[in-house]
Amino acid sequence: MSWDLKSDRPIYAQLIEQLELKICSGVYALGSKLPSVRDLAEEAAVNPNTMQRALVRLEEDGLLYTQRTSGRFITEDANMVIQIKDKIAREQIREFLEKMINLGFSRKDILSNITKILEEMRENEYDSRV
Amino acid sequence: MNMILECKNLTKSYGKKKALDNVSLNIAPGKIVGLLGPNGSGKSTLIKLCNELLTPTSGEILIGGKNPGIETKKIVSYLPERTYLNDWMKVSEIIYLFKDFYADFDLEKAYDMLKRLNINPTDKLKTLSKGTKEKVQLILVMSRKAQLYLLDEPIGGVDPAARDYILNTIIGNYSENSTVIISTHLISDIEKVLDDIIFLKEGQVVYTKTVDEIRDETGKSVDALFREVFKC
């Protein structure tokens, strides 16, 4: 999974989001060691100081922890990951709903559209399997 | 903290024209700084003052606490806007010259970078394209373990893929003790790599902020803000 950074928002905030996403989606497994600041900065093509700040913040939030001599690790607390997944899902859904409401859809329309599209996606999956 | 670069009321005039007008700046170690501004705003003048290629009309400039001179050149690695290398030399000969000249030159690193950028060490400089010459020059500059790198337009002439490699080299080279100052117009290419931004306009500092401060306060990229501040 690559780093997708937009140019109009603070890099630091985007790094936090993307790291959370990578942890939740299992790119970095629970309890595993995180690459070094320098390697992460190179991979994301960002300033090492900015990457460092993002990591410190995730450490404060408890998603990462530092072992004094051996580096940074991902938390082993699965509940924490569930909470963050939940947070991300809420943000995404809110954003989506705001757009739909702006477009003039009613709550009922939104729900029926979602059901319809889910149905279509399931059929497509089925089609691609047979 | 000891500053790597300090300017106090620095002024440089060419005749009646003030290229730098009462500039005061402090730059800390461990930073990657973008020196940005339109043509003729004083970027190159500032960098040349750091290298003693120019002397201040008034005010003071200090590199690691010292006036620019022999001692500061040991810790400053400078990429000029124009090439000064001898055309008849081979790439390997120039590298040897640098190795001889600077105690902090890392030969292995230089050859490694040449290889990554597909440059043949036995080629004569004369036979290289403009962009490849610029790459060689940048390799020479980045192969030193300096405390202050002054890069005057380092990525202007090279292709986008090499640009990415160069930016990665700057990131990979990062250390808490060294500072990189990059002057450029290609802001969108480098802004993710920068800590701080210095905006120069007509010889004066109009802004010193971090990239994230700018994005946070204006909701714009540094590139977009530049276009707005310096709209023609």
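**Some points on the domain arrangement of chain A**
All names here are of chain A.
- Assigned domains of chain A: these are domain 1 (11–76) and domain 2 (79–129).
- Computed over C-alpha atoms only, the centres of domain 1 and domain 2 are separated by 28 Å.
- Contacts between domain 1 and domain 2 engage nine residues on the former and six residues on the latter.
- Contact between domain 1 and domain 2 buries roughly 640 Å² in total, counting both sides, with carbon and sulfur atoms accounting for 78%.
- In terms of surface lost to domain 2, no three residues of domain 1 exceed Glu-20, Cys-24 and Leu-63, which account for 64% of the buried area on that side.
- At the junction of domain 1 and domain 2, the tally comes to one salt bridge.
- Among the ionic pairs, Lys-87 bridges to Glu-20, the shortest N-O distance being 3.2 Å.
- Counting every contact that joins domain 1 to domain 2 gives one residue pair in polar contact (both at pLDDT 80 or more).
- Residues belonging to the side of domain 1 that touches domain 2 are distributed by class as follows: five nonpolar, two polar and two charged.

**Topic: the side chain of Gln14(A)**
- When you line up the elements, Gln14(A) lands in helix α1 (residues 11–24).
- Excluding its chain neighbours within four sequence positions, the residues that come into contact with Gln14(A) are Asp4(A), Leu5(A), Lys6(A), Arg9(A) and Arg215(B).

The rules we used
Residues numbered from 1 in each chain as written. Chains lettered and ligands numbered in written order. Predicted model: local features only at pLDDT ≥ 70, side-chain atom pairs only at ≥ 80, totals over all residues. Heavy atoms only, no water. Domains from an automatic or database assignment. Contact = heavy atoms within 4.5 Å. Buried area = accessible area lost by both parts, 1.4 Å probe. Salt bridge = Lys/Arg side-chain N within 4 Å of Asp/Glu carboxyl O. Polar contact = N/O pair within 3.5 Å; in protein donor to acceptor, adjacent residues only side chain to side chain. Nonpolar A, V, L, I, M, F, W, Y, C, P; charged D, E, K, R; others polar. Helix = DSSP H or I, 4+ residues; strand = E, 2+ residues; numbered from the N terminus.

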